[in-house]
Amino acid sequence: MFVLCLGTLLLLGGGRQYPSEREFAARSFVITAPEILEALPFERVIAALGATPAEAWLETLAPVRNDRQKRPVVMPLAGFIAATQDGHWVPTGASEWTHLRLIAIVNRFDLAPPDYANCGEYRLIFSRATESPARLHIAIETVLPNPNPDAGKAGCVAVAAFWWELAFTDSDVIRRDRLERFFFEGVPAVPPALDREGFARHGRIRTSEIGDGRPRFRQYEVKRDCAPAGPCVPKLMSVPLDNMPHAAFFGSGTGNEHGAFRREFLRQVASLAVADVNRYSMNVDRAYSVRDIESSAAAFNYRLPFRRSLHSDAGREFRERIAEELRKAGSALTPEDIIDRAETQNCAGCHGKAGPVGGGLVFPKAFDTGEHIADESLREEARLSPALQDVFVPYRIQLLRDYLKEYGRGPERVLRAGR
């Protein structure tokens, strides 16, 4: 295996200029060019993942129910699936579904786990207008298995090389063709990202309605529904959102569930204390997560109930145990800093919380609407939030660069990857 020399990567192939950071972002990390996105229409994507194509797709995905005030409420993807004997997805329910379009392809190679059992996540963000000022976004998120698992971390070279070369490809037409193959057919040594079986094992669909001050989030995964007297068939089902524990768990409750959550949260302190806004994280067990977020932003403001809990013995003990974990980690952060960082890891905080989070770090800002990716009403170069454009994407670019520097196969072979 050859190792990439970073110096030789600064000019690639016949003296081509190294792309700017913004070009890298637009070509290989958050792709918003309409002429490229049109190659991945929603019906085609859903069909590739196992859903039976039908003319009624865009009319049957979001049933409507009435809330307590008798107002019609769209419930994205609820009642979406009725299983058939061959295991395909069949849309159910009835609702008007218009103006659905792909607004971004997102490269999350950076989400590959430490053992590189997979080579990251690849996301397709669809959007539609709603009757309220909010926009509905549907994120189809696929996990790409390591095509050469015996090689460990080095097994993801072909995937990394594909995205690296994409940034050096000037032609929108060529980038479109390569992305189409990446998702639907696979590229050399790499299976297709839109793989039915892979999506059933590791994929998910997340929806968000943001922009009217009442954020709503939901998450869905394929689960096998086994009837007592029938075969097991796959269904797309609502599941708890990742890292979305209710704020009440940070309060002064004394029940068994509160105690179990505190023990779970203490295991997150060291990772939340990492001194990098791109790398600090938490991974709270879904047992403590909520399933549907219906506008209650206060339910994910962790600092207020945490502060109030300090009037109780249970709350003071919880704070001291967080402080103890920080001392073990050699961190000068306060427990309050950790609570603030935890809030940035839930959906509401990621889209709506910005500001200092301790240790001199500042969690970056989304758009004022709470979105991180805007629609085509803005110029293409302005569609990424300040958080993405200035903080998160530059980190992801550097991570890919460092990976290929360590595990690459020579720049000329990197340039050929994905063709």
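What comes next concerns the included structure. (Residues numbered from 1 in each chain as written. Predicted model: local features only at pLDDT ≥ 70, side-chain atom pairs only at ≥ 80, totals over all residues. Heavy atoms only, no water.)

On to the overall build of the chain. Across its full length, the chain carries 15 helices and 14 strands. For the chain, buried positions account for 53% of its 419 residues. The contacts in the chain between residues at least 6 apart in sequence include a share of 63% that link residues at least 24 apart. Of the roughly 18,700 Å² of accessible surface on the chain, 51% is carried by carbon and sulfur atoms. (Helix = DSSP H or I, 4+ residues; strand = E, 2+ residues; numbered from the N terminus. Buried < 20%, exposed > 50% of the residue type's maximum accessible area, 1.4 Å probe, protein only. Contact = heavy atoms within 4.5 Å. Areas by Shrake-Rupley, 256 points an atom, 1.4 Å probe, with all protein chains shown as cover.)

Here the focus is the state of the cysteines. As enumerated under the stated definition, the model contains 1 disulfide in all. Covalent S-S linkage joins cysteine 119 and cysteine 156, the inter-sulfur distance amounting to 2.0 Å. Because the torsion about its S-S bond is -85°, the bridge between cysteine 119 and cysteine 156 counts as left-handed. Within this pair, whereas cysteine 119 is found in strand β7 (residues 118–129), its partner cysteine 156 is found in the loop between β8 (135–145) and α5 (157–167), the two being separated by 37 residues in sequence. For the pair formed by cysteine 119 and cysteine 156, the shared burial category is buried. (Disulfide = S-S within 2.5 Å.)

What follows concerns the pattern of salt bridges. Applying the stated criterion across every chain, the model contains 24 salt bridges. A salt bridge links arginine 176 to glutamate 38, with the shortest nitrogen-to-oxygen separation between them at 2.7 Å. Pair noted here: arginine 176 is in helix α6 (residues 172–184) and glutamate 38 is in the loop between α3 (34–37) and α4 (42–48), with a separation of 138 residues, a long-range link. Among the residues examined, arginine 176 registers a relative accessible area of 24% and is labelled partly exposed. The salt bridge involving aspartate 313 is made with arginine 316; its shortest N-O contact spans 2.4 Å. (Salt bridge = Lys/Arg side-chain N within 4 Å of Asp/Glu carboxyl O.)

Let's shift gears to the nonpolar core. With 103 residues, the main nonpolar core has Ile105, Phe109, Trp163, Phe183 and Phe265 as its most contacted residues. Here this core takes 10 residues from helix α14 (residues 386–407), the largest share from any one element. Not counting chain neighbours up to four residues away, the residues in contact with isoleucine 105 comprise Phe29, Val30, Ile31, Ile36, Leu37, Leu40, Arg123, Leu124, Trp163, Leu179 and Phe183. (Core = buried A, V, L, I, M, F, W, Y, C linked by side-chain atoms within 4.5 Å.)

A separate point is the packing of helix α2 (residues 21–29) against α14. The geometry of α2 relative to α14 is characterised by a closest axis approach of 10 Å and an angle of 75° between their N-to-C directions. In terms of their interaxial angle, α2 and α14 are classed as roughly perpendicular. For the pair formed by α2 and α14, the contact residues are Glu21, Arg22, Phe24, Ala25 and Phe29 on the first element and Gln389, Val393, Pro394, Arg396, Ile397, Leu400 and Arg401 on the second. Residue composition of the contact of α2 with α14, grouped by class: 7 nonpolar, 1 polar and 4 charged. (Axes fitted to C-alpha atoms, helices over the stretch in contact; angles between N-to-C directions. Parallel < 35°, antiparallel > 145°, perpendicular 65-115°, else oblique. Nonpolar A, V, L, I, M, F, W, Y, C, P; charged D, E, K, R; others polar.)

With that out of the way, let us pick up the packing of aromatic side chains. Across all of its chains, the model carries 24 aromatic pairs by this definition. Put simply, the rings of Phe249, Phe250, Phe261, Phe265, Tyr288, Tyr302, Phe306 and Phe318 pair up and form one aromatic cluster. Sitting over the face of the ring of phenylalanine 184, arginine 44 holds its NZ or CZ atom 3.8 Å from the ring centroid. Between arginine 341 and the ring centre of tyrosine 280, over which it is positioned, the NZ or CZ distance is 4.8 Å. (Phe/Tyr/Trp six-rings, centres within 6.5 Å; stacked < 30°, edge-to-face > 60°. Lys NZ or Arg CZ within 6 Å of the ring centre and 35° of its normal.)

With that settled, consider unusual backbone geometry. For alanine 189, which is not glycine, the phi dihedral falls at a positive 75°. Note on placement: alanine 189 falls in the loop between α6 and α7 (196–202). Exposure remark for alanine 189: the relative accessible area of 62% places this residue in the exposed category. Here asparagine 243, not a glycine, exhibits a phi torsion of approximately 55°, which is positive. Along the chain, the position of asparagine 243 falls in the loop between β11 (232–239) and α8 (256–266). In this structure asparagine 243 comes out as buried when scored by relative accessible area, which is 11%.

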